[in-house]
Amino acid sequence: MSNALGKLKERLATVTDLNQAASLMHHDQETVMPEGAASARAAQLGTVSRVAHELFVADEVGIWLEELQSDSEDSGLAEEDRDLIKVAARDYRIKRNLPAEYVDRSTETHILSNEAWRKARDAADYGQFLPWLRKCVDLAHEYADYQGYDEHVYDALLDQFEPGMKAREVEAIFTPLRAETVHLVKAVADSGVQLDKSCLTGNFDHATQVHLGRTLVSAFGFDFSRGRVDEVTHPYCTSFSRDDVRLCTRVYSGEFNVCLFSMLHECGHALYDQNIDPAWDRTPITSGCSLGIHESQSRMWENLVGRGRPFWDWAYPILQAHFPQFNGVPQETYYRAINGVAPSLIRVEADEVTYNLHIMLRFELEKAMMEGKVDLEDLPREWNDRMEEYLGVRPEDDAEGVLQDVHWSFGYLGYFPTYSLGNIISVQLYEAAKRDHPDLEDQFRRGKFDTLLEWMRIHIHRHGRRYTPGELLEQSVGTGIDAGPYVGYLKSKLNDLYGVSV
Ligand code: ZN
């Protein structure tokens, strides 16, 4: 191993350890930390993150990277090492582009902006958040200027979450998808079919809900010896190495599907994290390729598997054994209840079909904000008009409209499109796995999910961040991102559920 490579790897290991320790401290804060520890924890997190950042952006790291990149063609470096150098060099360039003063100022602004957003949302008063949103948009412009971009200012923002993706490409995917989806939602409404969802409300024992969820994610392949389940206000999944993955859910005793489907969703993220190749331990490659690819995994287990008939052919008797009140509910009634489509105001509660319209609305507004084409004062009206146009519903106030999501308050402009990209990619990957294993869904009927997991492990999980999202898709499905299979999936499902042929 060359001297520079050894030093680089040692430094990346230290930085990865520190970043994962910061994630653990953050997760602890979200789950079990006593309230009184908030200011000490903020100081600790600040210190660990700053030390990690300084160690990574140090001048010597740049010198090692340059040396390694200049002779990587003929130096006989292993392919894995060349890929590690490529990923580290990209991260280094992006971090070095940002002055320390900007990093401090934006971190502090986003913390204050998030506090202002919380208060504004509780008061359903957009006016309270408006000055902070202006600051967030200004910071996003500054960020884009530091990073540079070829085509559109939005590309620099998107690149943080979906490396290499351009606003133009997102638009080319979203524009036809929006027309198709609006059409589908209208066809469902016109069908006059009302699915009976009453079996999903009632009184469901808290601990039994979690037990059922644990049984099902265990069947999917979640390894409890290298992960655990915790309860939080807003579900997420986080990991501190491939051997320590935390799946976080929430439980409502009156609503059956919240805990169950958040666990199936987060399990998809968890399976990804648990199956990254251990060779990438303590390197920047040991995490997901992009948010869109990560979301493809959660959406796949939640929707394509978890809302499908084959899965419930196996799982429904297990569900009934946990909750005897379902003994009188035919499986078909339950299946229809968990798959109902209905326009609603809140993104996180939206069904599979209408969900993407919520995302497209946000993408359009973010782009318009960055282009200066929408006056931020008019944002609530712009939001509400689009809700009415796409979904036929109009928010009564800002809390159920423009203020519902946390993302903008943290400066996460460019994040939302990755949710829909995940939906689209989930079907591309699932269908590719089915082509290789035509009996996949028969296996689900027997409670066997390891063939699907193994396909994902080989094609997606093990690579971590080694390849770009585009490269990974090309290798696994043989094409770029394509909404065609996703639209086909929605159409056949709605045809089955509502008898609409579109
Ligand atoms: Zn997710």
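Everything below is about the structure shown above.
All of these numbers come straight from a predicted model, not from anything done at the bench.

Undergrad: Tell me about the coordination of the zinc ion, and name the residues and values.
TA: Reference geometry at the metal: tetrahedral coordination by four donors gives ideal angles of 109.5 degrees; octahedral coordination by six donors gives 90 or 180 degrees. Protein coordination of the zinc ion is provided by H265 (NE2), H269 (NE2) and E295 (OE), with donor distances spanning 2.1 to 2.2 Å. Donor residues binding the zinc ion come from one chain and are separated in sequence as H-x3-H-x25-E. Here the residue H265 occupies a position in helix α10 (residues 257–274), and E295 occupies one in helix α11 (residues 291–305), the gap between them amounting to 30 residues. In terms of burial, H265 and E295 fall into one category: buried.

Undergrad: Could you give an account of the packing of aromatic side chains, naming the residues involved and the relevant values?
TA: Considering all chains together, one arrives at 33 aromatic pairs under this definition. Where F220 meets F449, the ring centres are 5.0 Å apart and the plane angle is 75 degrees; that geometry is what we call edge-to-face. You can see F220 sitting in helix α9 (residues 206–220) and its partner F449 sitting in the loop between α17 (440–445) and α18 (450–459), a full 229 residues away along the chain. Overall, F449 belongs to the buried group, its relative accessible area being 1%. Where F410 meets Y412, the ring centres are 6.0 Å apart and the plane angle is 40 degrees; that geometry is what we call tilted.

Undergrad: Lay out the nonpolar core with the relevant residues and their values.
TA: Counting residues in each nonpolar core, the largest one holds 153 residues, and the members touching the most others are F256, F311, W312, F326, Y334 and L452. At 10 residues, the largest contribution of residues to this core is made by helix α14 (residues 355–371). If we skip the residues at most four places from it in the chain, L452 touches M300, W301, V305, Y430, A433, L440 and F444.

Undergrad: Describe in detail the sheet that holds strand β2 (residues 236–241), supporting the description with residues and values.
TA: Two strands in a sheet stick together by hydrogen bonds in their backbones, pointing the same way (parallel) or opposite ways (antiparallel). Reading across the sheet, the 3 strands line up as β1-β3-β2 and stay open at both edges, with mixed pairing between neighbours. Each of the sheet's edge strands pairs with one partner strand only, and the pair in question is β1 (227–231) and β2. The sheet shows a mean angle of 20 degrees between the axes of neighbouring strands, direction not considered. The sheet contact formed by β1 and strand β3 (residues 244–249) spans 5 bridges and is parallel. Bridge pairing in β3 links R228 to R246. Sheet contacts for helix α1 (residues 3–31): β1, β2 and β3; angle to β2, the most-contacted strand, approximately 140 degrees.

Reading the values: rules and limits
- Residues numbered from 1 in each chain as written.
- Predicted model: local features only at pLDDT ≥ 70, side-chain atom pairs only at ≥ 80, totals over all residues.
- Heavy atoms only, no water.
- Donors = N, O, S within 2.8 Å, 3.2 Å for Na, K, Ca; no water.
- Helix = DSSP H or I, 4+ residues; strand = E, 2+ residues; numbered from the N terminus.
- Buried < 20%, exposed > 50% of the residue type's maximum accessible area, 1.4 Å probe, protein only.
- Phe/Tyr/Trp six-rings, centres within 6.5 Å; stacked < 30°, edge-to-face > 60°.
- Core = buried A, V, L, I, M, F, W, Y, C linked by side-chain atoms within 4.5 Å.
- Contact = heavy atoms within 4.5 Å.
- Pairing = 2+ DSSP bridges.
- Axes fitted to C-alpha atoms, helices over the stretch in contact; angles between N-to-C directions.

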